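Structure assessment
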Amino acid sequence: MDKKTVNILGADYTIETDEEILKDGADGICHPYSNRIRIRPKENMLGDGDTKEEKEKCYKETLSHECIHAYFRESGLYSYMKDEVLVDWIATQFPKMEKTFRELDIL
Ligand SMILES: [Zn+2]
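A brief report on the enclosed structure follows. Predicted model only: the values in this text are computed from it and were never measured.

Turning to the overall build of the protein chain, a few remarks are in order. Helix and strand counts for the protein chain come out as three helices and four strands. Counted from the first residue to the last, the protein chain has its helices and strands arranged as β-β-β-β-α-α-α. A compact globule built from 107 residues should have a C-alpha radius of gyration of about 13 Å, and the protein chain, at 15 Å, falls within 12% of that. Counting only C-alpha atoms, the protein chain reaches 40 × 30 × 25 Å along its principal axes. Per-residue burial for the protein chain yields a buried fraction of 32% across its 107 residues.

This is the structure:
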């Protein structure tokens, strides 16, 4: 199992690449009460017919999504933390928002 650590609003979260996550039926899972994010290995994302680029994109979107769960947890916004639609919206739109802010030089 591959592990790395990321700091989210002052709390260290372990990012664990985990083959066993397949048993839970998810690509990624945030465990906010133990500061862990488990994620399927990049090469195991999607299906056999999907390209390396598609798997890479899915991996990044999944990891972003799980980090947003952690951000809400560390903010004390527990109902938002559990809101999959909101979490997914932020994870999906954040790169576009960042691009807008960079274009406007407001970061
Ligand atoms: Zn989620």
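Read on for the rest.
Right, let's talk about the coordination of the zinc ion for a bit. Each protein donor to the zinc ion is listed here as His65 (NE2), His69 (NE2), Glu84 (OE) and Glu84 (OE); together their distances run 2.0 to 2.6 Å. Here the donor residues of the zinc ion share one chain and are spaced in sequence as H-x3-H-x14-E. Of this pair, His65 and His69 both sit in helix α1 (residues 52-75), separated by four residues, roughly a single helical turn. By relative accessible area, His65 is classed as buried at 10%. Classification of His69 as buried rests on a relative accessible area of 7%.

Now for the packing of aromatic side chains. As enumerated under the stated definition, the model contains one aromatic pair in all. Seen from the ring of Tyr59, Lys42 lies directly overhead, with NZ or CZ sitting 5.0 Å from the centre.

Reading the values: the criteria
- Residues numbered from 1 in each chain as written.
- Predicted model: local features only at pLDDT ≥ 70, side-chain atom pairs only at ≥ 80, totals over all residues.
- Heavy atoms only, no water.
- Helix = DSSP H or I, 4+ residues; strand = E, 2+ residues; numbered from the N terminus.
- Rg over C-alpha atoms; globule rule 2.2 N^0.38 Å.
- Buried < 20%, exposed > 50% of the residue type's maximum accessible area, 1.4 Å probe, protein only.
- Donors = N, O, S within 2.8 Å, 3.2 Å for Na, K, Ca; no water.
- Phe/Tyr/Trp six-rings, centres within 6.5 Å; stacked < 30°, edge-to-face > 60°.
- Lys NZ or Arg CZ within 6 Å of the ring centre and 35° of its normal.

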